[in-house]
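Okay, here's what each chain looks like letter by letter:
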Amino acid sequence: MTAKEFLNRISQLEKEITRMKQRCQTLRHVAMNTSVNNSNDAVQCTKEKNPLEKILTKVIDLDREIEKDEMALVDLKAEIWEQLDKLANERHKRILWLRYVEMKTWNVIAQKMYVSRRHIFRLHKDAIAELNKILKMSLYVTPMSS
C-alpha cells in the first residue's frame, strides 16, 4: 500500500460514514411518515413485520454500523499519527496531517505554514516519499500474521 492510499483511507471511511448517516436520516424521516396497520381481519397469517418495524430495524442496524465505523475511524487516525510520528521532518508531518486528516485545501495549508502553495507541493511530494519508505520498512519489520 502506498502512502497516499494509506492516508486516503480516512477520507474513504468518512465518506462512507456520511452516506450511512444520510441513509439513516432518510429512514427516520420515512418512519415518521409511516402509519401502523393494526388490521386483524386475517384469521391466519404469518407473523410479518409491519412497515414501521422494518424501517426501525434498519435504523437500529445502521446506527450500530455507524458507531462501529466511527470507532474504526478513531483507530485509523491513531494509526496514521503513529506512522506520521516516524517522519523526521515536522513540516512533513504537519502537511500530511492537515491534508489527509483535517482535509484542508492546499491554499489553507500554505497559509497556515506561511509558505507558497508551490512550496507546499514540493514539501508534500517529499513527505509522501518519506512516508512511503517508512511504510515499506514497517512491512519488512512487522511479523507476518498467521
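Just so you know, these numbers come straight off a predicted model, no measurement behind them.

Caption draft 1: Looking closely at unusual backbone geometry. At M103, a residue that is not glycine, the phi angle is positive and equals roughly 55°. In this structure, M103 sits in the loop between helix 3 (90-101) and helix 4 (106-113). M103 gets classed as partly exposed once you look at its relative accessible area, which sits at 38%. With a phi close to 55°, Y114 is a non-glycine residue in the positive phi region. Within the fold, Y114 resides in the loop between helix 4 and helix 5 (117-141).

Caption draft 2: Summary view of the packing of aromatic side chains. In this structure the tally under the stated criterion is two aromatic pairs. Taken together, a centroid distance of 5.2 Å and an interplanar angle of 85° make the contact between W81 and W97 edge-to-face. In this pair, W81 sits in helix 2 (residues 51-84) while W97 sits in helix 3, placing the two residues 16 residues apart along the sequence. Arranged with centres 5.1 Å apart and planes meeting at 70°, the rings of W106 and F121 form a pair that is edge-to-face. With W106 in helix 4 and F121 in helix 5, the pair connects residues that are 15 residues apart, well separated along the chain. A relative accessible area of 37% places F121 in the partly exposed class.

Parameters at a glance
Residues numbered from 1 in each chain as written. Predicted model: local features only at pLDDT ≥ 70, side-chain atom pairs only at ≥ 80, totals over all residues. Heavy atoms only, no water. Helix = DSSP H or I, 4+ residues; strand = E, 2+ residues; numbered from the N terminus. Buried < 20%, exposed > 50% of the residue type's maximum accessible area, 1.4 Å probe, protein only. Phe/Tyr/Trp six-rings, centres within 6.5 Å; stacked < 30°, edge-to-face > 60°.

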